[in-house]
Number of protein chains: 2
Amino acid sequence: MPEAKHSSSTGAQLLDRAVILLDLVANGGVNGVTLKDLTAVSGLNTATCHRILNTLVGHKLLARDDKKRCYRLGARMAIYGARAARGPGIISSYDAALTRIRRRTGDTIHLMVRLNHDSVCLDRRDGECVVPTLTGSIGGAVALGVGPGSIAMLAYLDEDEQEFIIRANAERYASYRDLNPDKVRKLIADTRERGYAIDVGELIPGIAGVSVPIFTDGTKASASLGFTLLCAKLTPGALHQYALMLKEEIALVPHG
Amino acid sequence: MPEAKHSSSTGAQLLDRAVILLDLVANGGVNGVTLKDLTAVSGLNTATCHRILNTLVGHKLLARDDKKRCYRLGARMAIYGARAARGPGIISSYDAALTRIRRRTGDTIHLMVRLNHDSVCLDRRDGECVVPTLTGSIGGAVALGVGPGSIAMLAYLDEDEQEFIIRANAERYASYRDLNPDKVRKLIADTRERGYAIDVGELIPGIAGVSVPIFTDGTKASASLGFTLLCAKLTPGALHQYALMLKEEIALVPHG
DNA sequence: CGTCAATTTTTCATAATGTGGAATTTTATG
DNA sequence: CATAAAATTCCACATTATGAAAAATTGACG
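Worth saying up front: this structure is predicted, and the values here are computed from it rather than measured.

1. Some points on the sheet that holds strand E5 (residues 141-143) of chain A
Residue and element names in this part refer to chain A. If you trace the 6 strands from one edge of the open sheet to the other, you get E5-E4-E3-E8-E7-E6, paired in antiparallel fashion. Each edge of the open sheet carries a strand with a single partner, namely E5 and strand E6 (197-200). Going from strand to strand, the sheet's axes swing by 25 degrees on average, the running direction of each strand aside. Across 3 bridges, strand E4 (residues 118-125) lies against E5 in antiparallel orientation.

Laid out in structure tokens, this is it:
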């Protein structure tokens, strides 16, 4: 019943469960996740959980820290991840664009994608000045709804999907200053009107962001391209100029 | 019949099969792999194969190129890979060492691990001069037995395991100049006597390598740390000095 | 632009596989 | 050292995955 809503293409329960566990381990903190945690959060039977984890460890998709008796991502994940990033796909498609934008502006820029209810950083180029970002680094995630990089995607989904995600993430918004479901709805409306998402120092004091959606199938956005920069560097109309540059670059990328 | 020998911890056939398919896709060329290829190589039933692939695509561990009708690694893999590299594990453990060695020597250095019958590059630092390497980049693999980075590991496995791997890889050696099972056995013997593995221009003309095993559990090596450099830069005794430096650095890493 | 072969996708009866309760062993705690 | 908690193993059972075959889709060629 309260099983994951994910893909649910019938005929692979075991695989679905394995992915749930992979996800829990991947999102677990630096201290790793124990079997007990995993059974508790996933709701899976202890024996089942244990069996799946053992198999994943055997294949090195996970690794077990025998000392701390906990699980973390394994070497095979790192290897396949590196290949996924180099091989064909969105990362490679935008590689040149990211490098070019970085060269032209000197600012921090990132490519985000949606994964479930999160907005995840797939690639980035660090700017000349080090700026704090919501996602921290490649692989980092925030709740969809937090930050322009994620609003740019959220704004271009079906309305019922938006609502579902906003409700699901409601509690997670609480840890950000002045953020709540209604604020997110407002940001979405503003973004659709403007054509791109912005934030000027509301989430991180002194830090601004501009993000533009990337449409992969028709009208739904599944990725976004955006800047993070110091508010102090902003001149009038700068954000709009940045948005235009991002749109130009996206237009140059095949398929996007 | 020629089912994978991998972990085979009972009770997760579906998961084992999924990993076989992931592996085939990950090792497939840049052109992606089609369903037909996957069924042919894996020996799995077409329907079964299709069902597993669909589920993996649903979870974004794989992605499907609808145009070319083929499969490649997905965004989730890239994300988890990035996290695996940043989180605790061998990559993080050796991160500082790699950076330090790079600064001290200016040469190309890499961290290799064993995965099945392959030696895979987990991390590297590029040297001042660009040198061609067997594995190309992070995530790149060669057959165990090819190159000092892989010989350093192979030399410190159980003898029956060595033999099994050498036989399994025999045909793959053929694509390298003067390489064959007996040559590999010779290289292993030399390495055990010397304490580290070397190659001076035999595999790639003008390019030399030195590698030292990393012992993670007792006497068996599961990783190696090594240099790739220009033969022209070699002075008498240089390789030995390099090996000493590598051993020193490994000794400094906790657990290794 | 219609025909045929190759490949992909769906279906469904069957049995092999994964399941989870309970027993056992190992590890942590005071 | 005793006790609790967590991890691991076991196994009878039925839910789940399987694969043969049919249907649908795609691509190639005339």
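2. Here's the deal with the interface of chain A and chain B
Contact with chain A, which involves 52 residues of that partner, is made by 52 residues of chain B. Contact between chain A and chain B buries roughly 4400 Å² in total, counting both sides, with carbon and sulfur atoms accounting for 68%. Three residues stand out in chain A for area buried against chain B, namely Leu15(A), Tyr80(A) and Arg83(A), and they jointly supply 15% of the buried area on that side. Run the count over chain A and chain B and you get 2 salt bridges. Residue Asp23(A) is joined to Arg76(B) by a salt bridge in which the shortest nitrogen-to-oxygen separation is 2.8 Å. Remark: the boundary between chain A and chain B carries 19 residue pairs in polar contact (both at pLDDT 80 or more). Breaking the side of chain A that touches chain B down by element, the ones donating at least two residues are helix H1 (13-27), helix H3 (46-58), strand E2 (70-73), helix H4 (75-86), strand E3 (108-115) and E4 of chain A. It is H4(A) that provides the largest number of residues to the side of chain A that touches chain B, a total of 11 residues.

3. Observations concerning the protein's contact with DNA strand C
If you check the shell around DNA strand C, you find 21 residues, and the closest are Arg17(A), Asn45(A), Arg51(A), Gln13(B) and His50(B). Here the atoms of DNA strand C within 4 Å of the protein split so that 82% fall in sugar or phosphate, with bases taking the remainder. Thr48(A) places a side-chain nitrogen or oxygen 3.0 Å from a phosphate oxygen of DNA strand C. Breaking the surface near DNA strand C down by element, the ones donating at least two residues are H1 and H3 of chain A together with helix H1 (13-27), helix H2 (35-42) and helix H3 (46-58) of chain B.

4. Digging into the protein's contact with DNA strand D
Around DNA strand D sit 21 residues in total, of which Gln13(A), Leu14(A), His50(A), Asn45(B) and Arg51(B) are the nearest. Close to the protein, within 4 Å, the atoms of DNA strand D are drawn from sugar and phosphate at a rate of 81%. Contact between DNA strand D and Leu14(A): a phosphate oxygen at 3.0 Å from a main-chain N or O atom of the residue. At a separation of 2.7 Å, a phosphate oxygen of DNA strand D approaches a polar side-chain atom of Arg51(B). Elements represented by at least two residues in the surface near DNA strand D include exactly H1, helix H2 (35-42) and H3 of chain A together with H1 and H3 of chain B.

5. Concerning the domain arrangement of chain A
Segmentation of chain A into domains returns domain 1 (13-78) and domain 2 (87-252). The centre of domain 1 of chain A, based on its C-alpha atoms, is set 30 Å off from the matching centre of domain 2 of chain A.

6. Some remarks on the nonpolar core
Leu225(A), Phe227(A), Leu225(B) and Phe227(B) are the most contacted members of the largest nonpolar core, which has 105 residues in total. With sequence-adjacent residues up to four places away left out, Leu225(B) is seen in contact with Tyr94(B), Leu98(B), Ile101(B), His110(B), Leu111(B), Val210(B), Ser211(B), Val212(B), Ile214(B), Leu246(B) and Ile250(B).

7. Quick look at the packing of H1(A) against H2(A)
Residues and elements named next belong to chain A. Interhelical geometry of H1 versus H2 gives an angle of 120 degrees and a closest axis separation of 11 Å. With respect to their mutual orientation, H1 and H2 come out oblique. Note on packing geometry: the crossing formed by H1 with H2 is right-handed. Taking contact as the criterion, the partners of Ile20, Leu21, Leu24 and Val25 in H1 are, on H2, Leu38, Val41 and Ser42. Class assignment for the residues of the contact of H1 with H2 results in 6 nonpolar, 1 polar and no charged.

Definitions and cut-offs
- Residues numbered from 1 in each chain as written.
- Chains lettered and ligands numbered in written order.
- Predicted model: local features only at pLDDT ≥ 70, side-chain atom pairs only at ≥ 80, totals over all residues.
- Heavy atoms only, no water.
- Pairing = 2+ DSSP bridges.
- Helix = DSSP H or I, 4+ residues; strand = E, 2+ residues; numbered from the N terminus.
- Axes fitted to C-alpha atoms, helices over the stretch in contact; angles between N-to-C directions.
- Contact = heavy atoms within 4.5 Å.
- Buried area = accessible area lost by both parts, 1.4 Å probe.
- Salt bridge = Lys/Arg side-chain N within 4 Å of Asp/Glu carboxyl O.
- Polar contact = N/O pair within 3.5 Å; in protein donor to acceptor, adjacent residues only side chain to side chain.
- Near = heavy atom within 4 Å.
- Domains from an automatic or database assignment.
- Core = buried A, V, L, I, M, F, W, Y, C linked by side-chain atoms within 4.5 Å.
- Buried < 20%, exposed > 50% of the residue type's maximum accessible area, 1.4 Å probe, protein only.
- Parallel < 35°, antiparallel > 145°, perpendicular 65-115°, else oblique.
- Left-handed = near helix turned anticlockwise from the far one by under 90°.
- Nonpolar A, V, L, I, M, F, W, Y, C, P; charged D, E, K, R; others polar.

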